[in-house]
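# Report on the structure
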Amino acid sequence: MKRPFLLTLIASFFAICSFAQNKPLKALETAKIKTPNVLCEECKKRLTTYLDRYDGIQSTVVNYRKGEMTVKYWTDRINIEEIKTAIANAGYDADDIPAEEGAYKRLPKTCKKAEDGGDHPKPKETPATPAAE
């Protein structure tokens with residue numbers, strides 16, 4: 001009688017211990033980042049190629065017509081500030097982080113802003129709505 005009870009108790013102990021060893025699930029986050037000077041297909045290609053090198057970034061979708069990108073990343077490997085810094089290090093603005101000057105200067109002429117002698121047009125500004133009288 002004691003033996004089956006003891007075996008059941010030991011099996012229960014090992015089962016509880018094995019569940020306690022499980023690590024928490026990794027969180028996959030999605031973030032939208034404003035990238036106002038990514039305005040052509042070449043910029044999109046450069047930026048996605050650059051970000052693919054980083055561990056923890058699952059996917060990137062660049063919408064250069066809207067001037068934004070969507071990034072899916074693993075929170076246990078990288079955070080949003082590191083991603084924004086990586087974008088800035090590639091030579092592009094990312095939300096509130098300006099492009100790193102040296103990287104921006106190394107961009108081809110086609111990917112530079114018009115005021116810097118590049119081929120990019122100025123970003124379209126949203127028309128102001130008339131004030132209601």
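Residues numbered from 1 in each chain as written. Predicted model: local features only at pLDDT ≥ 70, side-chain atom pairs only at ≥ 80, totals over all residues. Heavy atoms only, no water.

### Thoughts on the packing of aromatic side chains
Selection criterion: Each aromatic pair joins two rings of Phe, Tyr and Trp (for Trp, the six-membered one) with centres within 6.5 Å, and gets the label stacked for planes under 30 degrees apart, edge-to-face for over 60, and tilted for any other angle. Per-residue accessibility, obtained with a 1.4 Å probe over protein chains only, is compared with the maximum for each type, and a residue is labelled buried under 20%, exposed over 50%, and partly exposed between these values. Two conditions define a charge located above a ring, namely a distance within 6 Å from the ring centre to NZ of Lys or CZ of Arg, and an angle within 35 degrees of the ring normal.
Applying the stated rule across the entire model yields 1 aromatic pair. Taking the centre distance of 6.0 Å and the plane angle of 55° together, the rings of Y50 and Y54 count as tilted. For Y54, a relative accessible area of 29% puts it in the partly exposed group. One Lys or Arg, K112, reaches over the ring of Y104 and ends 6.0 Å from the middle of that ring. Here the basic side chain of K113 rests over the ring of Y104, its NZ or CZ set 5.8 Å away from the ring centre.

### As for the pattern of salt bridges
Rules: Between Lys or Arg on one side and Asp or Glu on the other, a salt bridge is scored when a side-chain nitrogen of the former is within 4 Å of a carboxyl oxygen of the latter. To qualify as a helix, a DSSP run of H or I must reach at least 4 residues; to qualify as a strand, a run of E must reach at least 2; elements of each kind are numbered from the N terminus.
Enumeration according to the criterion identifies 7 salt bridges in this entry. Across the salt bridge formed by E68 and K32, the nearest N and O atoms sit 3.5 Å from each other. Here E68, found in strand β3 (residues 68–74), pairs with K32, found in strand β1 (residues 28–34); they are 36 residues apart in sequence, far enough to count as distant. Across the salt bridge formed by E42 and R46, the nearest N and O atoms sit 3.8 Å from each other. With E42 and R46 both in helix α2 (residues 41–51) and 4 residues apart, the pair spans about one turn of that helix. Several salt bridges share partner residues, and in doing so they unite E81, K84 and D95 into one network.

### Looking at the packing of α2 against helix α3 (residues 80–89)
Let me state the cut-off plainly: Only the contacting stretch of a helix is used when fitting its axis, a line to C-alpha atoms as for every element, and angles between N-to-C directions run 0 to 180 degrees. Any angle that is under 35 degrees is reported as roughly parallel, and any over 145 degrees as roughly antiparallel; angles of 65 to 115 degrees are reported as roughly perpendicular and all others as oblique. Two helices cross in a left-handed way if the nearer one is turned anticlockwise from the farther one by less than a right angle. They cross in a right-handed way if the turn is clockwise. The contact definition used throughout considers only heavy atoms, calling two residues in contact when any of these lie within 4.5 Å. Polarity classes work like this: nonpolar for Ala, Val, Leu, Ile, Met, Phe, Trp, Tyr, Cys and Pro, charged for Asp, Glu, Lys and Arg, and polar for all others, with Gly in that last group.
Contact pair α2 / α3: the axes reach a minimum separation of 10 Å and the direction vectors enclose 130°. The orientation of α2 with respect to α3, classified from their angle, is oblique. Of the two possible hands of crossing, α2 and α3 adopt the one that is right-handed. Side by side, α2 and α3 meet where L47, Y50 and L51 of the first sit next to A86, I87 and N89 of the second. For the contact of α2 with α3, a count of residues per class yields 5 nonpolar, 1 polar and no charged.

### Observations regarding the sheet that holds β3
Our working definition: At least two DSSP bridges between two strands are needed for those strands to be called paired.
Spatially, 3 strands are ordered β1-β3-β2 in an open sheet, and the strand pairing comes out antiparallel. Single-partner strands in this sheet number two, and they are β1 and β2 (57–63). Strand-to-strand twist in this sheet, taken as the mean axis angle between neighbours without regard to direction, amounts to 15°. Sheet analysis places β1 next to β3, joined by 7 bridges and oriented antiparallel. Residue L28 lies in a different strand from β3, and its bridge partner there is W74. This element, α2, spans β2 and β3 of the sheet and lies at about 170° to β2. In the packing of α3 onto the sheet, contacts are made with β1, β2 and β3, and the angle to β1 comes to roughly 40°.

### Quick look at α2
Definition in use: Each C-beta atom gives one direction from the helix axis, and the arc is the one those directions make.
Among all positions in α2, only C43, L47, T48 and L51 are buried. Down the axis, α2 shows its buried residues gathered within 120° of arc, on one side only. Packing partners of the buried residues in α2 comprise β2, β3 and α3.

### Quick word on the nonpolar core
We count it as follows: Remark: nonpolar core denotes a set of buried residues (Ala, Val, Leu, Ile, Met, Phe, Trp, Tyr, Cys) joined through side-chain atoms within 4.5 Å.
Among the nonpolar cores identified, the biggest contains 22 residues, and L47, M69, I83, I87 and Y92 are the most heavily contacted of them. Elements with a contribution of two residues or more to this core: β1, α2, β2, β3 and α3. Apart from residues lying up to four places away in sequence, Y92 is in contact with N37, V38, C43, R46, L47, I87, A99, L107 and C111.

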